[in-house]
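Observations on the model geometry
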Amino acid sequence: MSEVHAAADLLDGAPVLRGLTPPARLAVLGDPVEHSKSPAFHNAALRAAGIDAQYVKILVRPEELSGTLRALPAAGFLGVNVTLPHKAAALATVDEADDYAKKSGAVNTVLVDDDALRGFNTDGPGFLRAIREDFSADLRDLRILILGAGGGAGRAIAVQCALERCERLVLVNRTVEKARALAAELAPCFRSDRLLGPAERLAAIPHEDEALRAELAHVDLVVNATSLGMKRSDPPLLPQSHLTPNLMVYDAIYTGGKTRLIEDAEQAGARAANGLSMLLHQGALSFEIWFNRPAPLAVMRAALLAA
Ligand code: NAP
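Comments concerning the overall build of the protein chain
- If you tally the helices and strands in the protein chain, you get 13 helices and 13 strands.
- For a compact globule of 307 residues, the expected C-alpha radius of gyration is about 19 Å, and the protein chain comes in at 20 Å, within 12% of that figure.
- A principal-axis box enclosing the C-alpha atoms of the protein chain has dimensions of 60 × 35 × 35 Å.
- By residue count, 51% of the 307 residues in the protein chain fall in the buried class.
- Within the structure as shown, the protein chain displays about 13300 Å² of accessible surface, and the carbon and sulfur contribution to it stands at 51%.
- Taking the average place of the 32 positive charges on the side chains of the protein chain and the average place of its 37 negative ones, the gap between the two points comes to 2 Å.

Here is the structure:
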């Protein structure tokens, strides 16, 4: 696992980071950050593209975030990724942000543009590409149910689905008020007479078996964006009997391998995929923002799988 640097290494003009070979000019900022897989695939991409820079991990405490971002131009940085718990604070710090970052309330990619900081969020667009890759399907054609829609990843995915004007969106959250508030925000995207059929185009429900069973009869894609499912001891997200062969199931967990949800889905005859593809594509989109050229996706994928 690569070394973790401190915010102080960036705040003082970054002599240590500039002195690395190749010099550090990109980073992921988070707290904690040591488990990030991003350096593995970004450094592989930088080498493949012949760019004389490396991507490092920097542990940034919440109170250090704004100062660390502001120090990037003087430190010679091209940009950074921002991860938990800083994505909302990064949006408040950057000089400008793209529309999707504003709507999702979070920035995960910062581009240093002279002295200005430009914010983007590649999580939702990365999800869109992941679904296209894993299921050969476009969000706009799907009826989508998101478990954990009230969390950070769930919100990012829900906003992307809404901006794509997906056929139908069901927001599920343990704390149902969060799903209802998000549904109210996204409602303008669903004001049309496009669908068809008995179910509402936009719904918010509690994470309860009966409510889920009723909705699953009217969806194509189920997404797990809860923090459950990583550990074998976690309770099941939904009863296996709710899963049917027509469903696509995407588990945003990116530890690799098969989660219990994926195993349950496959046993039911459904297609299923894990969150590695979303991680890969959000990273590839960051690369494209920083360098304005296509990312070496095959190299990044191989590095991510090896990591
Ligand atoms: P988060 O903001 O903490 O949200 C957690 C969500 O899980 C909330 O909706 C929460 O509901 C729900 N939840 C927690 N415990 C639950 C339980 N016992 N039963 C039902 N729901 C429960 O977390 P996050 O950052 O969004 O991350 C969520 C997952 O997405 C993680 O596994 C993360 O690794 C993954 N992720 C993947 C990618 C990728 O690129 N593949 C990117 C980002 C995140 P309440 O609102 O009721 O608390």
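Focus on the site of the ligand
- Lining the immediate environment of the ligand, one finds 22 residues, of which A153, N173, R174, T175 and K178 sit closest.
- Contacts to the ligand include L279, whose backbone N or O atom sits 3.3 Å from an oxygen atom.
- Protein coverage of the free-state accessible area of the ligand, which is 930 Å², stands at 78%.
- Contributions of two or more residues to the shell around the ligand are made by α8 (152–163) and α12 (276–291).
- Of the residues in the shell around the ligand, the class split is 10 nonpolar, 10 polar and two charged.

With respect to the domain arrangement of the protein chain
- Taken domain by domain, the protein chain comprises domain 1 (4–121) and domain 2 (124–277).
- One C-alpha centre belongs to domain 1, the other to domain 2; they are set 30 Å apart.
- In this assembly, six residues from domain 1 lie in contact with 10 residues from domain 2.
- Together, the buried faces of domain 1 and domain 2 total about 590 Å²; carbon and sulfur atoms form 63% of this surface.

With respect to the sheet that holds strand β11 (residues 221–224)
- Read from one edge of the open sheet, six strands run β10-β9-β8-β11-β12-β13, paired in parallel fashion. Across the chains shown, the open sheet's two edge strands, defined by having one partner strand only, are β10 (202–206) and β13 (271–274). Taking the axes of each pair of neighbouring strands and ignoring which way they run, one obtains an average angle of 15 degrees across the sheet.
- By the bridge criterion, four bridges tie strand β8 (residues 143–147) to β11 in an arrangement that is parallel. Following the sheet pairing, L147 is matched in β11 by N224.

A closer look at helix α13 (residues 297–306)
- Residues of α13 that are buried: M300, A303 and L304. Relative to the axis of α13, the buried residues are bounded by an arc of 100 degrees and lie together on one face. Looking at α13, the residues exposed on the side facing more than 90 degrees away from the buried face are A298, L305 and A306.
- Turning to α13, the residues buried within the fold contact α3 (38–48) and α12.

Topic: the pairing of strand β9 (residues 168–173)
- For β9, the buried fraction is high: six of the six residues fall into the buried class.
- Of the two faces of β9, both are covered, the one formed by R168, V170 and V172 as well as the one formed by L169, L171 and N173.
- A crossover links β8 with its parallel partner β9, the connecting element being α8, and its sense is right-handed.
- Examined bridge by bridge, β9 and β10 share five bridges and lie parallel to one another. Residue pairing for β10: L169 is matched across the bridge by L202.

Here we look at the sheet that holds strand β5 (residues 96–97)
- Pairing in this open sheet of seven strands is mixed, and the strands run β1-β3-β2-β4-β6-β7-β5 from one edge to the other. Unpaired on one side and paired on the other, β1 (4–6) and β5 mark the two borders of the sheet.
- In the sheet, strand β2 (residues 24–30) pairs with strand β3 (residues 54–59) via six bridges, with the strands oriented parallel. By the bridge assignment, A24 is partnered in β3 with Q54.
- Against the sheet, α3 makes contact with β2, β3 and β4 (79–82), and its axis sits at roughly 160 degrees relative to β3, the strand it touches most.
- Together, β2, β3, β4, β6 (109–113) and β7 (116–120) form the strand contacts of α12, whose direction differs from that of β6 by roughly 10 degrees.

Some words on the packing of aromatic side chains
- On inspection of all chains with the given rule, the structure shows three aromatic pairs.
- A ring pair is formed by F127 and Y250, whose centres lie 5.7 Å apart and whose planes are at 80 degrees; its orientation type is edge-to-face. Linking F127 in helix α7 (residues 123–135) with Y250 in strand β12 (residues 248–251), this pair joins segments that are 123 residues apart in sequence. The exposure classification of F127 matches that of Y250, with both residues buried.

What counts, and at which threshold
- In every chain, residue numbers begin from 1 and rise along the written sequence.
- Reporting in this predicted model follows two pLDDT cut-offs: at least 70 for local features of residues, and 80 or more for side-chain atom pairs to be given and counted; totals over whole chains, interfaces and linings ignore these cut-offs and use all residues.
- To obtain the side-chain values, all non-hydrogen atoms of the structure were used and water was disregarded.
- The secondary structure listing takes helices from DSSP runs of H or I that are at least 4 residues long and strands from runs of E that are at least 2 residues long, numbered from the N terminus.
- For the radius of gyration, the atoms used are the C-alpha atoms, and the globule rule reads 2.2 Å times the number of residues raised to 0.38.
- Exposed residues in this analysis have more than 50% of their type's maximum accessible area, buried residues have under 20%, and partly exposed residues fall in between, with area computed by a 1.4 Å probe over protein chains only.
- Per-residue and other accessible areas follow the Shrake-Rupley method at a 1.4 Å probe size, with only the shown protein chains counted as cover for residues.
- Only four residue types enter the tally: Lys and Arg on the positive side, Asp and Glu on the negative side, with His and both chain ends excluded.
- Charge placement uses NZ in Lys and CZ in Arg. For Asp and Glu, CG and CD serve respectively.
- Think of it this way: one heavy atom of a residue within 4 Å of a molecule or strand is enough to make that residue near it.
- Each polar contact in these results corresponds to two N or O atoms within 3.5 Å; when the atoms are within protein, one needs to be able to donate a hydrogen and the other to accept it, and residues that are neighboring in sequence are counted only if both atoms are side-chain atoms.
- Each residue gets one of three labels, nonpolar for Ala, Val, Leu, Ile, Met, Phe, Trp, Tyr, Cys and Pro, charged for Asp, Glu, Lys and Arg, and polar for the others, Gly among them.
- Either an automatic procedure or a domain database provided the assignment from which the domain bounds are taken.
- When checking whether two residues touch, look at their non-hydrogen atoms; a contact exists if any pair is within 4.5 Å.
- Using a 1.4 Å probe, buried area is obtained as the accessible area two parts lose upon being combined, added over both of them.
- Pairing between strands is defined by DSSP: at least two bridges between them are needed.
- Axis lines are fitted through C-alpha atoms, for helices just across the contact stretch, and the angle between N-to-C directions can take any value from 0 to 180 degrees.
- The arc in question is formed by the directions pointing from the helix axis toward the C-beta atoms.
- Handedness of a crossover is defined as follows: with both strands directed away from the viewer, a clockwise route from the first strand across the helix to the second makes it right-handed.
- Each Phe, Tyr or Trp ring, with Trp reduced to its six-membered ring, pairs with another whose centre is within 6.5 Å; inter-plane angles below 30 degrees give stacked pairs, above 60 give edge-to-face pairs, and intermediate values give tilted ones.

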